[in-house]
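# Observations on the model geometry
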Amino acid sequence: MKKIIALCSLAVALLFAGNAKAQLGINVGYAPENFVVGDNSTAYTGLFAGVNYNYNLSGDINLSLGAQFRMNNRSTETTILDVKATQTDQQYLIDIPLLFNYGFRLSNAVKLSVFAGPTFTYALSGKTTYKVSGGSSSHTFDPVNWYGDDSNMNQFNVSGTIGGAITFNSIRVFAGYNYGLMDLDKSDNGTLKTNGLFVGLGLNL
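Residues numbered from 1 in each chain as written. Predicted model: local features only at pLDDT ≥ 70, side-chain atom pairs only at ≥ 80, totals over all residues. Heavy atoms only, no water.

### Here we look at the pairing of strand E11 (residues 193-204)
As a reminder of what qualifies: The rule for pairing is simple: two strands pair if DSSP sees at least two bridges between them. Secondary structure follows DSSP: runs of H or I at least 4 residues long count as helices, runs of E at least 2 residues long count as strands, and numbering of each begins at the N terminus.
Judged from the six bridges that link them, strand E1 (residues 23-30) and E11 form a sheet pairing that is antiparallel. Each bridged residue has a counterpart across the sheet, and for Gly 25 the counterpart in E11 is Asn 204. Summarising the sheet, strand E2 (residues 33-37) and E11 pair through three bridges and their orientation is antiparallel. For Val 36, the partnering residue across the bridge sits in E11 and is Lys 193.

Put into structure tokens, the structure is as follows:
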């Protein structure tokens, strides 16, 4: 399935690159993500940066293919007497959003648009690091690899993405929501899904 998605993305990218109606954009933003296990949710701080090609299909209907690097981070501290335990989680991902969008102009300089479609995600790495400190000494344990040989976490995910944007000349402000469709827990002991809002700033080149 990953190879099929990669080939489809490459084909769309080549179509965009060879079409004069394709517009390149660069994006940065904030994307906190929730890891949901049953009724429990854990929040991560997320940041992303990437590019997208927006291809005009017909009239005000467009198709956007993007590629972005995203980082999730979370840190918690627990103190008992004079001993402090710190847990730090870090995850690095690549997102490939493939979004249909419809836009309409309020004026020559201002445009509103809505978008929806799938976002394909591959986790490059993920780890948890534990550190214990007390007094003048501290010890950091070897990181726990989320995707090691004994891991039950799936590195591949597909999300449904919806949102909207407002564009002022070449500056674009956008916001949306990702809803993870896949169970990232490969075991039979439960389910792990993701969801989260995102906001960003883009520049159309």
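### Describing the nonpolar core
In plain terms, the rule: For the purposes of this section, nonpolar cores are sets of buried Ala, Val, Leu, Ile, Met, Phe, Trp, Tyr and Cys residues that join through side-chain atoms within 4.5 Å. We call a residue buried when its accessible area falls under 20% of the maximum for its residue type, exposed when it is over 50%, and partly exposed in between, using a 1.4 Å probe and counting protein chains only. Any two residues whose heavy atoms approach within 4.5 Å are treated as being in contact.
Judged by nonpolar contacts, Phe 35, Tyr 44, Leu 93, Ala 123, Trp 146, Tyr 147, Met 153, Leu 184 and Leu 192 together constitute the single largest core of nine residues. Apart from the residues within four sequence positions on either side, Tyr 44 is in contact with Pro 32, Glu 33, Phe 35, Asn 72, Asn 73, Arg 74, Asp 89 and Trp 146. In this structure, Leu 99, Phe 115, Phe 174 and Phe 198 belong to the second largest nonpolar core, which totals seven residues.

### Overview of the pattern of salt bridges
Cut-off, in case you're wondering: Take a side-chain nitrogen of Lys or Arg and a carboxyl oxygen of Asp or Glu: if they are within 4 Å of each other, that pair is a salt bridge.
Tallied over the entire structure, the rule returns three salt bridges. Among the salt bridges present, the one from Arg 70 reaches Glu 33, with a minimum N-O distance of 3.0 Å. Placement of Arg 70 in strand E4 (residues 61-80) and of Glu 33 in strand E2 is noted, with a sequence separation of 37 residues between them. You'll find Arg 70 and Glu 33 in the same group, each marked buried. In this structure, the salt-bridge partner of Arg 74 is Asp 89, at a minimum N-O distance of 3.4 Å. Taken together, the residues Arg 74 in strand E4 and Asp 89 in strand E5 (residues 83-105) connect sequence positions 15 residues apart. Its relative accessible area of 25% is what places Arg 74 among the partly exposed residues.

### Focus on the side chain of Ser 187
Rule in force here: N or O atoms closer than or at 3.5 Å make up a polar contact, with two conditions inside protein: a donor-capable atom paired with an acceptor-capable one, and, for residues adjacent in sequence, both atoms drawn from side chains.
Its location among the elements puts Ser 187 in the loop between strand E10 (171-180) and E11. Here Asp 185 takes part through its side chain, which lies 2.7 Å from a polar atom of the side chain of Ser 187. A distance of 3.3 Å separates a polar atom in the side chain of Ser 187 from the backbone nitrogen of Asn 189.

### Quick notes on the packing of aromatic side chains
Stated precisely, the cut-off is as follows: Aromatic rings from Phe, Tyr and Trp, taking only the six-membered ring of Trp, are treated as a pair when their centres fall within 6.5 Å; an angle between ring planes under 30 degrees marks them as stacked, one over 60 as edge-to-face, and anything in between as tilted.
Within this structure, the stated rule accounts for nine aromatic pairs. Joined through ring pairs, the aromatic side chains of Phe 35, Tyr 44, Trp 146 and Tyr 147 make up one cluster.

### Overview of a nonpolar patch on the surface
Keep this limit in mind: What goes into a patch is any residue over 30% in relative accessible area without a salt bridge, connected to like charges within 9 Å or, for nonpolar side chains (Val, Leu, Ile, Met, Phe, Trp, Tyr), within 5 Å. Method for areas: the Shrake-Rupley scheme with a 1.4 Å probe, in which residue coverage is limited to the protein chains shown.
On the surface, a nonpolar cluster with roughly 720 Å² of combined accessible area is contributed by Ile 26, Val 28, Val 51, Phe 168, Ile 171, Val 173, Leu 201, Leu 203 and Leu 205. When residues of the nonpolar patch are traced back to their parent elements, those giving at least two are E1, E10 and E11. Following the sequence through the fold, Phe 168 ends up in strand E9 (residues 156-168).

### Examining the side chain of Asp 95
Relative to the elements of secondary structure, Asp 95 occurs in strand E5. Within the local environment of Asp 95, its side chain forms a polar contact with the side chain of Arg 70, the two groups lying 2.6 Å apart. Apart from the residues within four sequence positions on either side, Asp 95 is in contact with Gly 66, Ala 67, Gln 68, Arg 70, Thr 119, Phe 120 and Thr 121.

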